[in-house]
Each structure stands twice: as C-alpha cells, then as structure tokens.
Amino acid sequence: MRPLVIVNPRSGGRARDPGSRYWTELRAVIERRLGPTDVAYTAHAGHAIDLARDGACAGRALVVAIGGDGTLHEVANGILSAGTDTAVGYVGHGTGGDFRRTLGIDHRLDAYVRAIAEGRERRIDVGRVRYLALDGKTQERWFVNILSAGMSGLVDRFVGTTTKAFGGKAAYLWASTRALATCQRARVRCSAALGGARHERGIESFLIGVCNGRYFGSGMQLAPMALPDDGRFEVISIDAESKLAFPGAMNRLYTGRHVGTPGVAHFSCDAITMQLVDGRARRVFLLDVDGEPLGGLPLEVTLVPGALTMRAPLPPTSF
C-alpha cells in the first residue's frame, strides 16, 4: 500500500488550509523521493492517533508524521495501539523539534525526506505510562521521547496559548517565565527498578524527567546520556534553593552541563512509579509527555524495548 502521510495543518504556530499551495508543494517534494502517497489532515487533538491506527490496521508499511513532537507522539500511539510493525517517518514542522535532534536529523525538509527514503528501519524503545488525567481518571499512553513532571507541565500548557510568531525558543521562554511564577517545589516518592533490582527514594524537585530521548523544551538537553534503544530510561531531577535560582539551573540544560551539579540528581531505570507526598503541589506539578499536557501524578512508567520502528539514519555513535 502507499505510505500514509499524516499532516497537522496547525503545526509550526501557523494554521494553513489543507488545500493550500504550501501543503501541495510539500507533498510534491516528499513524493519525488517516496513515490505516490495518501495524505490525511488532522482536525483536532488526538486525531492523528486514530488516523495512524487505521492506517496500520489497514496494512500500511509506512506512516509519515508531519508536525511537531506532539504529532509524532500521536502517530506513534496509533501504531503502537494497533500492534503492527508499521514503520514511522517524521518531518518536523512544529515548535520544539526535540526528538529529531536525538535522531540526528537536520531541521531541513530535504534532510527529513532523505532520512525517510534512505534511512534504515531502527527499533527504538518506548515508555508506557499510566497517569492521572485532568478529569481524575486513570489513562494510558506511550511516549517516545521524554515524560516530565513539574514546571515543564506548566510550560506545556502556557505554550499552547502563546504565539509562535517569533519562533519556538521565544514561545518556550515566555511560557517558562509564566510557569516560573506559578510552579512549586514538590516532594515526590519514587520506586524505580532496573533489571529487576528495585530501590525507593524521596525527591524534592521543581522538575523530574523520565528520558528515552535527550532533548525537550525546544533544544534543552535534559538527558545528554540518553539512548532510545538501550533498554533503560535516564531519570533527571532538577531542584534549586528557590524559584529565583531555578532559571540558572535550567539554562545549563542547553549545554548538557547540568548533570553532576548541585541540585541535579540522576539515575537509570526501566520502570518507575511516582507519587506526591503531599497534595499542595498537585495542581501545578503536572505532566509533559512528548510535549503534550496530559495530567499529573501519581503515575507508573514501564519501558517497552524495541517496540517502535522508525525510518531514520541513526548514527552508530548515538545508539
């Protein structure tokens, strides 16, 4: 069957009509390398999950996501829920573009298309998370990049209401400023396991990340040691003496030099549960799952090794 291309027409901070010349020309570039495709446009949040699931169940060998990290997240969830070996291609067209950095793809259309057309199919790990949704019900999702809790969840919500006219980093900077005024340090009880050995720990933190990929927040290198096919998560917790000191700790994430500095904790696991010790931070210690604001604690995360096939030229030095 033809590859299915799933497009988020509202990605990149600018909504474009599905029938516009912009998307027609972009499709032509893709089809010059991949051959004829079928194209579906998302109409609402969660729509790409349904489209990808339907495509995988129909026997598509390749589904290409065009949009931001959230669009890739939805496409991956659709394919994983279908339980098929459908491969995923990705053309970054969003605010953050963080997972493509881990994949080693330059942010250019020709680079994305070449990665899909020429890249080998690579199996990557995914995380399965059970979490408390905003409606109070327990929900389940998969993630491919990073799940984080705390200030990042607030940033996620504020980014959704911030103009992207000045670019992704500017949007995240403004959203981060708003989130800093609202966030709270939380006391979190963690139970983590690696290879069957479990350990318990308490963490005080403004932000905790469970990382399969390296980057989040439009280029912040939260987990510079993370490899998405090594069968483990890298957990990073970032604390600070106060809210005023926290931005300094976050700024070091752009260089990846925060690991090992005061207030930063790091450990590896393949499964983890987290719950708040008290409820005072519950309304602001929220989740960011692949850039999607989904809910809050408590949560349970399990690594599923090699669960997703991606079409990308992943450098041996990164995997």
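Structure first, text after, so check above.
No experiment lies behind these values; they were computed from the predicted model shown.

## As for the overall build of the chain
What the chain contains, in helices and strands, is eight helices and 17 strands. For the chain, whose C-alpha radius of gyration is 19 Å, the value lies close to the compact-globule estimate of 20 Å for 319 residues. The dimensions of the chain, computed from C-alpha atoms along their principal axes, are 55 × 45 × 40 Å. Classification of the 319 residues of the chain by burial places 56% in the buried group. When contacts within the chain are restricted to residue pairs at least 6 apart in sequence, those whose partners lie at least 24 apart make up 74%.

## Some points on unusual backbone geometry
Cis geometry is found at the peptide bond from Leu-297 to Pro-298, where omega equals 10 degrees. As for its placement among the helices and strands, Pro-298 is situated in strand E17 (residues 295-311). In this model, Ser-218 sits at a positive phi of 65 degrees, which is unusual for a non-glycine residue. Looking at the element boundaries, Ser-218 is found in the loop between strand E11 (215-216) and strand E12 (220-221). By relative accessible area, Ser-218 is classed as buried at 3%. We note that Asp-290 has phi near 55 degrees; this positive angle belongs to a residue other than glycine. The topology assignment puts Asp-290 in the loop between strand E16 (286-289) and E17.

## What about the packing of helix H1 (residues 21-34) against helix H5 (residues 109-118)?
Relative orientation of the contacting elements H1 and H5 amounts to 30 degrees, with a least axis distance of 9 Å. Where H1 crosses over H5, the handedness of that crossing is right-handed. The segment H1 lies against H5, with Leu-26, Val-29, Ile-30, Arg-33 and Leu-34 engaging Leu-109, Val-113, Arg-114, Ile-116, Ala-117 and Glu-118. For the contact of H1 with H5, a count of residues per class yields eight nonpolar, no polar and three charged.

## Notes on the packing of helix H2 (residues 47-57) against helix H3 (residues 69-82)
Running from N to C, H2 and H3 point in directions that differ by 40 degrees, and their axes come no closer than 7 Å. The orientation of H2 with respect to H3, classified from their angle, is oblique. For H2 against H3, the interelement crossing comes out right-handed. Only Glu-74, Val-75, Asn-77, Gly-78, Ile-79, Ser-81 and Ala-82 of H3 make contact with H2, whose side of the interface consists of His-47, Ala-48, Ile-49, Ala-52, Arg-53, Ala-56 and Cys-57. Residue composition of the contact of H2 with H3, by class: eight nonpolar, four polar and two charged.

## Things to note about the packing of aromatic side chains
Applying the stated rule across the entire model yields five aromatic pairs. When the ring of Trp-23 is compared with that of Tyr-41, the centres are 6.5 Å apart and the planes differ by 65 degrees; the resulting orientation is edge-to-face. Of the two residues, Trp-23 sits in helix H1 while Tyr-41 sits in strand E2 (residues 38-41), which places them 18 residues apart along the sequence. A centroid spacing of 5.0 Å and a plane angle of 40 degrees characterise the contact between Phe-206 and Phe-246, whose relative ring orientation is tilted. Highlighted residues: Phe-206 in the loop between strand E9 (197-205) and strand E10 (207-211) and Phe-246 in helix H8 (residues 246-251), separated in sequence by 40 residues. Judged by its relative accessible area of 3%, Phe-206 is buried.

Conventions adopted
- Residues numbered from 1 in each chain as written.
- Predicted model: local features only at pLDDT ≥ 70, side-chain atom pairs only at ≥ 80, totals over all residues.
- Heavy atoms only, no water.
- Helix = DSSP H or I, 4+ residues; strand = E, 2+ residues; numbered from the N terminus.
- Rg over C-alpha atoms; globule rule 2.2 N^0.38 Å.
- Buried < 20%, exposed > 50% of the residue type's maximum accessible area, 1.4 Å probe, protein only.
- Contact = heavy atoms within 4.5 Å.
- Axes fitted to C-alpha atoms, helices over the stretch in contact; angles between N-to-C directions.
- Left-handed = near helix turned anticlockwise from the far one by under 90°.
- Nonpolar A, V, L, I, M, F, W, Y, C, P; charged D, E, K, R; others polar.
- Parallel < 35°, antiparallel > 145°, perpendicular 65-115°, else oblique.
- Phe/Tyr/Trp six-rings, centres within 6.5 Å; stacked < 30°, edge-to-face > 60°.

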